[in-house]
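Report on the structure
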Amino acid sequence: MLSTTLAALGIKGSIKKAEDIASSYGDDAWMPQQFSNPDNVKIHMETTGPEVSSPLSCGNIMNGLSGQIWEQTDGKIDAVIAGVGTGGTLTGISRFLKSKNKDIKTIAVEPAESPVMSGGKPGPHKIQGIGAGFIPINCDMDLVDEVVPVPSSDAMTMARRLATEPNDSFQLLTSLPRDLTSLPCEETLTSLPSEETLSCTAVEGVFVGISSGAVVHAACEIGKRPDMKGKRIVVIVASFGERYLSTALFSDLLEEAKEQVVEEVKL
């Protein structure tokens, strides 16, 4: 069964529809409620912050990136930056890291066009995966030290840069594998100290989604601050680019593909 709701209603409309469907089934239905389910936060607190979940080679960029944050950095972390969709990732990670070091800064990223965490009003935007238009129950704002609004255009620009610009165009922000398919299981992504001219990074091109572009853009802006010189920033890249091939992120490539001329081949 697939139900659709009006785009104008946003995530709130989808949640209400799901609740209505679940209610119609009574005790025979269960709704995960990712925006308010405490297990969402709990799993990130227990695994994402402190220990290895699974490697990138197993096909899960979120788990590979997030595993062993504390161990990989030897606890030397000054800030952690993540986008807020359900709020579970940032809240869970922050609870663990701040239990180890209360001075670690938690920085949340949201769409500039829908700056609800910054006190603004919800609005339409193009950063899929974050910016639901409300502050989720799972997002503990008491843990958030700063909110950085990022325009959709900047998010997409950074995502494209990460995928296409050569490595010598960037200063290294995160340690990324050269070959995602052959990354040994014991290796995961980590952060390195920020540089004087942060512009983030690709070792040989990093194919990420729009929300990841937003988070990396925010990290670059944070890293440029004088007080962040020499500091270590951990960035959560939670989206892979292949899911966005049909979106505005790669619209130029789509148009290019449509204009390609079919060449005849003699068999």
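So, how was this worked out
Residues numbered from 1 in each chain as written. Predicted model: local features only at pLDDT ≥ 70, side-chain atom pairs only at ≥ 80, totals over all residues. Heavy atoms only, no water. Axes fitted to C-alpha atoms, helices over the stretch in contact; angles between N-to-C directions. Helix = DSSP H or I, 4+ residues; strand = E, 2+ residues; numbered from the N terminus. Parallel < 35°, antiparallel > 145°, perpendicular 65-115°, else oblique. Left-handed = near helix turned anticlockwise from the far one by under 90°. Contact = heavy atoms within 4.5 Å. Nonpolar A, V, L, I, M, F, W, Y, C, P; charged D, E, K, R; others polar. Buried < 20%, exposed > 50% of the residue type's maximum accessible area, 1.4 Å probe, protein only. Arc of directions from axis to C-beta. Polar contact = N/O pair within 3.5 Å; in protein donor to acceptor, adjacent residues only side chain to side chain. Core = buried A, V, L, I, M, F, W, Y, C linked by side-chain atoms within 4.5 Å. Expected span 1.5 Å × (residues − 1). pLDDT = per-residue confidence, 0-100. Pairing = 2+ DSSP bridges. Right-handed = clockwise from strand over helix to strand, strands pointing away.

**Digging into the packing of helix 2 (residues 38-48) against helix 5 (residues 88-100)**
Two numbers describe how helix 2 lies on helix 5: the axes approach to 7 Å, and their chain directions differ by 45°. Considering their axes alone, helix 2 and helix 5 lie oblique with respect to each other. Along this stretch, helix 2 crosses helix 5, giving a crossing that reads as right-handed. Where helix 2 approaches helix 5, its residues Asn40, Val41, His44, Met45 and Thr48 are matched on the opposing element by Gly88, Thr89, Thr91, Gly92, Ile93, Arg95 and Phe96. A per-class count over the contact of helix 2 with helix 5 returns four nonpolar, seven polar and one charged.

**With respect to helix 2**
Taken residue by residue, helix 2 has Asn40, Val41, His44, Thr47 and Thr48 as its buried positions. All buried residues of helix 2 lie within an arc of 160° about the axis, which places them on one face of the element. Put simply, asparagine 37 is the residue that caps the front of helix 2, since its side-chain oxygen is 2.9 Å from the backbone nitrogen of aspartate 39.

**Some words on the nonpolar core**
Formed by 30 residues in total, the largest nonpolar core has its most connected members in Ile81 and Val109. When contributions to this core are tallied by element, the ones reaching two or more residues are strand 1 (79-83), strand 2 (105-111), strand 3 (146-150), helix 6 (152-164), helix 7 (210-223) and strand 6 (233-235). Residue contributions to this core peak at eight residues, all from helix 7. Look past the residues within four positions of isoleucine 81 in its chain and what remains in contact with it is Ile107, Val109, Val215, Ala219, Ile222, Ile233, Val234, Val235 and Ile236.

**A word on helix 1 (residues 10-25)**
Relative to the 22 Å expected for 16 residues at 1.5 Å per residue, helix 1 spans 24 Å between its end C-alpha atoms, a close match to the ideal helical length. Burial in helix 1 covers these residues: Gly13, Ile15 and Ala22. Positive phi shows up at glycine 26, right after helix 1, with a value of about 60°.

**Focus: the confidence of the model for the chain**
When pLDDT is averaged across the chain, the result is 79; 79% of the residues are at 70 or more. Segment residues 168-203: pLDDT under 50, and 91 contacts once partners within four positions in sequence are set aside and those in other chains are kept.

**Describing the pairing of strand 2**
Burial runs high along strand 2: six of the seven residues are buried. With five bridges connecting them, strand 1 and strand 2 associate as parallel partners. By the bridge assignment, alanine 79 is partnered in strand 2 with lysine 105. What joins strand 1 to strand 2 is helix 5, and the crossover it makes is right-handed. Bridge count between strand 2 and strand 3: five bridges; the pairing is parallel.

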